[in-house]
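# Descriptive analysis of the structure
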Amino acid sequence: MIRNPSQSKGAMFATSSMVKIGMLAGIGMVLMLLDFPLPLFPSFLQIDLSDVPAVIGAFSMGPAAGVMIELLKNLLKIIVGSNTGGVGELANFLVGAGYVLPLALVYQRWPNRQGVLWGSITATVGAAVFAGVLNYFIFIPAYAVVLGFPVEVFVDTAALVNSAVVDLRTMVIFAIVPFNLIKGVIIAVASLTVHRVLRPLWDKF
Amino acid sequence: MRFKNLTIGQHIPGDSVIHRLDPRTKILGTTMLIVLLFSVNGFIGYGLAALAIAAVIQASELPWRYVLRGLRPLMVILILTVSLNLFMTEGEPLLRIWFLTVTKEGLLRGLMMGARLVLLIAGTSMLTLTTSPIQLTDGIETLLNPARKIGVPAHELAMMMTIALRFIPTLLEETEKIMKAQMARGADFQSGNLMQRAKNLIPLLVPLFVNAFRRADDLAIAMEARGYRGGEGRTKFRELRFGRIDAAAITIVIAFTVVVGFFF
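Predicted model only: the values in this text are computed from it and were never measured.

## Observations regarding the nonpolar core
Membership of the largest hydrophobic core comes to 77 residues, with the highest contact counts inside it found for Leu49 of chain A together with Phe209 of chain B. It is helix α8 (residues 154-184) of chain B that contributes the most residues to this core, 13 residues altogether. Discounting residues that sit within four places of it in the chain, Leu49 of chain A has contacts with Leu31, Ile186, Ile187 and Ala190 of chain A together with Ala198, Leu201 and Leu205 of chain B. One finds Val40, Met112, Leu120 and Ala122 of chain B within the second-largest nonpolar core, a separate group that totals 18 residues.

Here is the structure:
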């Protein structure tokens, strides 16, 4: 038999996995177009289910595949035309990877119902905290520099809809972290339901 | 909830000088533009950058309204940026409307920030308007090739991206079809609270995933049957060629960036 290098380079880059990862990234891109705004939160925080394919991919092909799907999804978004100059995509990738990675690592260690449950909890809390830290130290200051106005403006827009917000720290604690917690729970519920239905099909494909 | 826009991608095919440039040239040129826009500080610099972008738009033979249309999603943030800088910068007062004071410094700063934002988006959208996603992927692959040595999977990344790009239109069409089929059976994608709406999407997601996996399986078998075995030694039907116009274009862009970035 002819040695096939694409099969020997580790599971993620075997032809069948590459095709699946590409396809899942495509689904992620399509789901990004189906977002819905969240009441009580500023409009630049939007929820979509585009992380579900990454979670499904991570369950079936391992943590690296999940992160790869997140990366591809955002690269695709930049290539077909981004309207935040890549900053929004970078943020989406980091928070998405921060969600998929812990979930997949816990599931890899304990591939059962308990693993899924605790993995989802770790991922939701972990990604929300990670998103808060990233926004506090990097993204909101970066947006402020690019747009040339003080950070308080973001805080004021957030304060219009949420009275608990008074400064950048309270904005992170009362808007960004809860938003990501809600998003994490929604992604977990959707992914787990899809995963439960699809699981019997894994062996076929 | 419904699709914001069903057409994905902004690429407009054409045969102008800009369209014919190698994607690598255009990626490098766009990077230079971003660097330039963040290093210039003054109206002459922005004016020169604007002239350069206008020249590129003219040379691309694209109707101006396509470029302007790309700026539309930016409108709110643009108005916000300009007006905030206009009213909140302290300095020599020019005009007083009720409690708002326009200062000279504020006016200059607001106009400059607005100009930077517009030029940034107009300039980068020229890349995606004149280059097809497939060409861009090809360009990224060859640009990443030197990084293979440190373990960057350039070919694999490009291959997965190409597969995704090929199937996005198919997946979009399928999503619409499944949505309509489920709505005909009484599914509701529009109402309910957040959790309810996310749950309502399950009857959409499951068939979408099943079909995608089936397609992926077919494609993987077809690829292996045709002897696909990774990037090593793989030949291409359309090779990227770095021609004389690319050399000329890159020289002009570098010279322009250095001169304008340094002096203005």
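## Let's talk about the interface of chain B and chain A
Facing 67 residues of chain B, the contacting portion of chain A comprises 60 residues. Summed over both sides, the interface between chain B and chain A buries roughly 5,700 Å², with carbon and sulfur atoms accounting for 83% of that surface. Per-residue buried area on chain B facing chain A is highest for Met160, Phe209 and Phe213 of chain B; these three make up 13% of the total on that side. At the boundary of chain B with chain A, the tally comes to one residue pair in polar contact (both at pLDDT 80 or more). Those elements that place two or more of their residues in the side of chain B that touches chain A are α5 (75-88), α6 (104-130), α7 (133-144), α8, α9 (194-200) and α10 (202-225) of chain B. Here the side of chain B that touches chain A takes 17 residues from α10 of chain B, the largest share from any one element. Of the residues that constitute the side of chain B that touches chain A, the class distribution is 46 nonpolar, nine polar and twelve charged.

## Side note on the pattern of salt bridges
When the charged atoms of two side chains lie near each other, side chains of opposite charge can form a pair. Counted under the stated rule, the structure contains eleven salt bridges over all chains. Asp22 of chain B is the salt-bridge partner of Arg24 of chain B, the closest N and O atoms lying 2.8 Å from each other. When its relative accessible area of 18% is taken as the criterion, Arg24 of chain B is described as buried. Taken together, the shared-partner salt bridges connect Asp51, Glu70, Lys73 and Lys183 of chain A into one network.

## Side note on the packing of helix α2 (residues 23-39) of chain B against helix α11 (residues 244-263) of chain B
Between two packed helices, both the angle of their axes relative to each other and the distance between the axes serve to describe the pair. Residues and elements named next belong to chain B. Where α2 meets α11, the closest approach of the two axes is 10 Å, and the angle between their N-to-C directions is 5°. Considering the angle they form, α2 stands roughly parallel to α11. Along the contact surface, α2 presents Thr25, Leu28, Gly29, Met32, Leu36 and Ser39, while α11 presents Asp246, Ala249, Ile250, Val253, Ile254, Phe256, Thr257, Val260 and Gly261. Partitioned by chemical class, the residues of the contact of α2 with α11 number nine nonpolar, five polar and one charged.

So, how was this worked out
- Residues numbered from 1 in each chain as written.
- Chains lettered and ligands numbered in written order.
- Predicted model: local features only at pLDDT ≥ 70, side-chain atom pairs only at ≥ 80, totals over all residues.
- Heavy atoms only, no water.
- Core = buried A, V, L, I, M, F, W, Y, C linked by side-chain atoms within 4.5 Å.
- Buried < 20%, exposed > 50% of the residue type's maximum accessible area, 1.4 Å probe, protein only.
- Helix = DSSP H or I, 4+ residues; strand = E, 2+ residues; numbered from the N terminus.
- Contact = heavy atoms within 4.5 Å.
- Buried area = accessible area lost by both parts, 1.4 Å probe.
- Polar contact = N/O pair within 3.5 Å; in protein donor to acceptor, adjacent residues only side chain to side chain.
- Nonpolar A, V, L, I, M, F, W, Y, C, P; charged D, E, K, R; others polar.
- Salt bridge = Lys/Arg side-chain N within 4 Å of Asp/Glu carboxyl O.
- Axes fitted to C-alpha atoms, helices over the stretch in contact; angles between N-to-C directions.
- Parallel < 35°, antiparallel > 145°, perpendicular 65-115°, else oblique.

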